[in-house]
Amino acid sequence: MSETQLVIVGAFTDEERARLEGAFPAVYVSGPDEIVALDEATRASVKAVAFKGHKPFGGGAMDALPGLGLIANYGVGYDAIDVAAASARDIRVTNTPDVLNDDVADLAVAMLIAQCRTMMKGEAHVRSGAWARDGEIPLNRKVSGSTAGIVGLGRIGREIANRLAAFKMEIHYHSRSEKDTPGWTYHDDVVSLAEAVDFLVVALVGGPETQGYVTREAIDALGPRGVVINISRGTTVDESALLDALEAGRIAGAGLDVFLNEPNIDPRFLVLDNVVLQPHQGSGSVETRRAMAELQLSNVQAFLDGQELLTPVN
Ligand code: NAP
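Read on for a plain summary of the structure. Quantities reported herein were computed from a predicted structural model and do not represent experimental measurements.

## As for the overall build of the chain
Then comes step 1: Counting secondary structure elements, the chain contains twelve helices and twelve strands.
Then comes step 2: Relative to a compact globule of 314 residues, whose C-alpha radius of gyration would be 20 Å, the chain shows 22 Å and is just as compact.
Then comes step 3: Reported as C-alpha extents along the three principal axes, the dimensions of the chain are approximately 70 × 50 × 30 Å.
Then comes step 4: Split into buried and exposed, the 314 residues of the chain put 50% on the buried side.
Then comes step 5: Restricting to contacts in the chain with at least 6 residues of sequence separation, those with at least 24 account for 60%.
Then comes step 6: A total of about 14900 Å² of accessible surface is found on the chain, and carbon and sulfur atoms cover 50% of it.
Then comes step 7: Treating the 27 positive side-chain charges of the chain as one cloud and the 43 negative ones as another, the clouds have centres 4 Å apart.

Right, here's the structure in full:
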């Protein structure tokens, strides 16, 4: 058997794992912590890692693979990987941008509509028989024609803004710099953005630099008709401030695909009836996950063939 070239690390589906194992001589571990337990000959021969998941991948795991040259991440968000530690060791990192933009933007819009139109309550009303017994549900809230604010007008943020513009919304946004987006209004801070809009949609990168970026002040600035949508990472929003505002009715609601401490999310969320909760499934369609897996595999292939990486991070 040829020498192991790849360690497959993380929560891959059977299909994804089989494709990687079919393409490269590979071993599998469920998380970065287990790399060090691989036998020495295997660790010495490994050149690349295919990584999926949110468990931290730090310098210790990298040092256990002396010939490691690439960590190919499955996902656009690579905040679990210590990229500075990788760069310091001449290890390249790749991710899977763009192929997932549509799915994540679709889910953001879906959560917004579901929250405003009380679709989860409507569904329960039908299923429980309450419709036939008690009649119509209370009137809810119109979505089209509102004012939306995007926090982080990157690849996914733009797709969300384009969709909301098609819903006849006025588009405001905050990024670190103003973009060339005629007709959309730029705000140089999140509080000013929140003051101007009904809906605040967070599409930032995760990681230490954006920790708590949407502050308590910004959440409260949204006001009682404000709705927060977060498809980025649980870290980007001050989660306890969000929970306080939702519980007190200082904002109208939230649609959340991401949380701190996933999947063991704060139980305070579970009793709120003004939130739509999703299990971090933004990119989770069969088609998009397949495209992400293909892009990850192509990055590994390019690296092992000495070709240019398709979607490098560092
Ligand atoms: P992107 O194109 O890199 O855009 C990221 C945005 O974050 C940009 O607007 C950027 O601001 C901003 N940003 C980056 N570093 C920042 C910093 N230090 N301070 C303030 N703002 C900063 O990324 P993307 O492809 O749109 O993806 C965005 C994120 O979505 C990913 O990183 C991931 O965490 C999340 N995501 C979630 C799911 C899900 O399943 N829910 C799926 C895919 C992705 P500028 O505009 O100023 O550059």
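## Description of the nonpolar core
In summary, soluble globular proteins display a tendency toward joint burial of nonpolar side chains.
Then comes step 1: Leu 6, Leu 112, Ile 160 and Leu 164 are the most contacted members of the largest nonpolar core, which totals 46 residues.
Then comes step 2: Per-element tally for this core: the top contributor is helix α5 (residues 101-116), with nine residues.
Then comes step 3: Here this core spans two domains, since at least three of its residues come from each of domain 1 (6-97 + 287-304) and domain 2 (101-277).
Then comes step 4: Once residues within four sequence positions are removed from consideration, Leu 112 is found in contact with Val 143, Leu 164, Met 169, Phe 199, Val 227 and Ile 229.
Then comes step 5: Counting 28 residues, the second largest nonpolar core, distinct from the first, contains Val 151, Val 202, Val 237 and Ile 251.

## Here we look at the sheet that holds strand β4 (residues 70-73)
Then comes step 1: The strand order β2-β1-β3-β4-β5 describes an open sheet built from five strands, whose pairing is parallel. The open sheet terminates on both sides in strands that have one partner only, identified here as β2 (26-29) and β5 (92-94). Adjacent strand axes in the sheet meet at a mean angle of 20°, parallel and antiparallel pairs treated alike.
Then comes step 2: Sheet topology places strand β1 (residues 6-10) next to strand β3 (residues 48-52); five bridges connect them, and they run parallel. Each residue of the ladder has a partner; that of Leu 6, found in β3, is Ala 48.
Then comes step 3: Each of β1, β3, β4 and β5 is contacted by helix α12 (residues 286-304), which is oriented at about 165° to β4, the strand it contacts most.

## Section: the packing of aromatic side chains
Then comes step 1: For the structure on display, the rule yields four aromatic pairs.
Then comes step 2: A centroid spacing of 5.9 Å and a plane angle of 85° characterise the contact between Phe 12 and Tyr 74, whose relative ring orientation is edge-to-face. With Phe 12 in the loop between β1 and α1 (14-23) and Tyr 74 in the loop between β4 and α4 (83-88), the pair connects residues that are 62 residues apart, well separated along the chain.
Then comes step 3: Note on Phe 12: relative accessible area 10%, which makes it buried.
Then comes step 4: Its relative accessible area of 6% is what places Tyr 74 among the buried residues.
Then comes step 5: With 5.4 Å between their ring centres and 75° between their planes, Phe 259 and Phe 269 make a pair best called edge-to-face. Note that Phe 259 is positioned in the loop between β11 (253-256) and β12 (275-277) and Phe 269 in the loop between β11 and β12, a separation of ten residues in sequence. Across this residue pair, the class does not change: Phe 259 and Phe 269 are buried.
Then comes step 6: Positioned over the ring face of Tyr 28 is Arg 17, at 3.8 Å from the centre of the ring.

Rules and cut-offs
Residue positions are given per chain, counting from 1 as you read along its sequence in written order. Local features in a predicted model are, by the rule used here, given only for residues with pLDDT of at least 70; side-chain atom pairs are given and counted only at 80 or more, and totals for whole chains, interfaces and linings are based on all residues. Only hydrogens and water are set aside; all other atoms, that is, all heavy atoms of the structure, feed into the side-chain values. A run of DSSP states H or I qualifies as a helix once it reaches four residues; a run of E qualifies as a strand once it reaches two. Both are numbered from the N-terminal end. Each radius of gyration reported is based on C-alpha atoms, and the globular scaling rule is 2.2 Å times the count of residues to the power 0.38. Burial here depends on accessible area, computed with a 1.4 Å probe over protein chains only, as a share of the maximum for the residue type. Under 20% is buried, over 50% is exposed, and the range in between is partly exposed. The contact criterion used throughout is that any non-hydrogen atoms of two residues lie within 4.5 Å. Only the protein chains shown count as covering a residue, and every accessible area follows the Shrake-Rupley method with a 1.4 Å probe. Within this scheme the basic residues Lys and Arg register as positive and the acidic residues Asp and Glu register as negative, but His and the chain ends are omitted. Charge positions are represented by NZ for Lys, CZ for Arg, CG for Asp and CD for Glu. Among the buried residues, those of types Ala, Val, Leu, Ile, Met, Phe, Trp, Tyr and Cys that are joined through side-chain atoms within 4.5 Å form a nonpolar core. Here the bounds of each domain stem from an automatic or database domain assignment. By definition, two strands form a pair when at least two bridges between them are found by DSSP. Fitted lines through C-alpha atoms give the axes, limited to the stretch in contact for helices. The angle between two N-to-C directions lies from 0 to 180 degrees. Note on aromatic pairs: the rings of Phe, Tyr and Trp (six-membered ring only in Trp) are paired at centre separations within 6.5 Å, and the planes decide the class, stacked below 30 degrees, edge-to-face beyond 60, tilted for the rest. Here, a charge over a ring means that NZ of Lys or CZ of Arg falls within 6 Å of the ring centre while also lying within 35 degrees of the ring normal.

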